[in-house]
Amino acid sequence: MLPGGLVSGGAGRGGGLCLLRWLGLRLWSRRGTLVFALLWFGSWLFLNGLVLVHRSILSDYCTDDKSKRILQRLCLEFGEGSVTGDMCEDLCVLGLVEYKRCLYYENGKKVIEARWRGNPVILKSKLENFSSYEPLGILDYQDTAEELSPLDVVFYATLEVRNSLGLAEDDEDEEGGGSNSSLARLWGKKLKSRDKSYSRAELASLWSLLQQEEYTFLRVLQDLSTHVAKVLGSCGHFYAVEYLSAGHAWDQNIFSLEEVAVSSGARGRWSSREMVHRIALSFLDMVGHFDNDFTHKLHLCDIKPENFAIRKDLTVVAIDVDMAFFEPKMRDILDQNCSSDDDCNFFDCSSRCHPDKRRCSARRRNSNLQVICEKIFRSWFSPTLLGAKAGLPLQVELQRAVQECSETDGGEEEREEDGGEGGGEAGQRIQSVHQRLLSILTRLLQEGGASDEGGGAWEEKGHTHTALNF
């Protein structure tokens, strides 16, 4: 019995070990299968995401061949008499517009670098094709476009401009005027300067341009401000603006100061730091201009280096105004439902959420100056960038002023809506910070012994945009 029992016990232990091995193998197999399934699923998600991103990139990829085909299509339409403009003949017949490269293409928006009569320009259009724009409906009810007088064109163009800028007729007639208070007169001067009527091609081209908010802004403001890019000409739905080198976040000075110094002859007269101070002063001038010189404040809701450039005289220029809004349109954008203040942020423009109403205030809480101090001035005048000069009294004062500026909340929306007087106090705080920065930067230039030359308004030379007398 004993031997049999020993054998039986040994077999039991052997069977138990086999059972454990079998169970371990099964467990390992299940775990391995699970790991394999997870890896396969993760790889599937990754590859599909990669394909999706790849397709989206390819669909909006900025290629020279595609850009040239778009311009060739535009010239074909010009040859058929569908579109026109003061740039068309140079582009399509005389060969005076030299294509350089495609700069940007997304959701139909096309930005192309070219040379027009030897001068660098940027060609822009919000949509790729002329046919993508809404036609001027009144032409469907007219036997000939000649029946529309220049006065009729002024009327329809003014309506479209008001709609694009978000300005009602009542807004234009407010007391206090401001430079944008007379759109009818402003556009009337452009459109009534000739006696003969406009052709269908001219009206269709004009209408495609007026449907592009950026074009409308630039055309309205360029006669009123040195701080926006100049429109030089147009052909159909494409318009040309002056070529200016945009800022870059990776550049410690944002702008290529060496290029400006060489091209303007400023080398030897201004140091890089003096040039930065002059550009900062131009930023302050732009802010004061946009805040005070129009009937309504002009709000910049996308403030970043890439959206600004500088001319040779160091004037700061807004080159991308897709996200710029006058006060009435800004209120419409901000006035929405909310559960917290985070719901009341529209890019760089923000307001507060009223918890009882669960509605965002229609008035902006921050200001153009505050965002510029936060996103541009803080990096410019940081102790790290200034190095040994960071401890100088004026530099310390400037750093403190920039810090205060970036933390100065407008705070006027709640108080004004509640009928209080706090809105005026908030405006005074912003104005005080503005004046303080202006004073410090001016003293820094004086201490540096910099020349007072430069920094004036840019005067356009050569070709004048006369497309559609507009």
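**Q** I'm lost on the sheet that holds strand 3 (residues 119-125) in this one. Help?
**A** Where strands meet in a sheet, backbone hydrogen bonds hold them as pairs that are either parallel or antiparallel. Ordered in space as 1-2-3-5-4, the five strands form an open sheet in which the pairing is antiparallel. Of all strands in the sheet, those with a lone pairing partner are strand 1 (97-106) and strand 4 (231-235), marking the two edges. Within the sheet, the average angular offset between the axes of one strand and its neighbour, ignoring direction, is 25°. Sheet contacts for helix 2 (residues 64-79): strand 1, strand 2 (109-116), strand 3, strand 4 and strand 5 (238-242); angle to strand 1, the most-contacted strand, approximately 115°.

**Q** Is there a simple way to think about the state of the cysteines in this case?
**A** Each disulfide is one covalent bond, formed between the sulfur atoms of two cysteines. Taken as a whole and judged by the stated rule, the model has seven disulfides. At a sulfur-sulfur separation of 2.0 Å, the disulfide partner of C88 is C235. Here C88 and C235 share a disulfide; its torsion about the S-S bond, 105°, makes the bridge right-handed. Taken together, the positions of C88 in helix 3 (residues 88-92) and C235 in strand 4 put the pair 147 residues apart, joining distant regions of the chain. With respect to class, C88 is no different from C235; both count as buried.

**Q** Any chance you could explain empty space enclosed by the protein here in plain terms?
**A** With a probe scaled to a water molecule rolled over the atoms, the places where space remains empty come into view. Counted under the stated rule, the structure contains four cavities of 30 Å³ or more. Space inside the second largest cavity adds up to approximately 80 Å³. If you go around the second largest cavity, the residues you meet are L300, C301, D302, I303, N307, F308, A318, D320, V321, D322, M323 and A324. For the lining of the second largest cavity, the class distribution of residues is eight nonpolar, one polar and three charged.

Rules of the game
- Residues numbered from 1 in each chain as written.
- Predicted model: local features only at pLDDT ≥ 70, side-chain atom pairs only at ≥ 80, totals over all residues.
- Heavy atoms only, no water.
- Pairing = 2+ DSSP bridges.
- Helix = DSSP H or I, 4+ residues; strand = E, 2+ residues; numbered from the N terminus.
- Axes fitted to C-alpha atoms, helices over the stretch in contact; angles between N-to-C directions.
- Contact = heavy atoms within 4.5 Å.
- Disulfide = S-S within 2.5 Å.
- Buried < 20%, exposed > 50% of the residue type's maximum accessible area, 1.4 Å probe, protein only.
- 1 Å grid on protein atoms, 1.4 Å probe; cavity = no way out; pocket = protein on both sides within 12 Å on 5 of 7 lines; lining within 4 Å.
- Points joined across faces, edges and corners; volume = space filled by probe spheres on them.
- Nonpolar A, V, L, I, M, F, W, Y, C, P; charged D, E, K, R; others polar.

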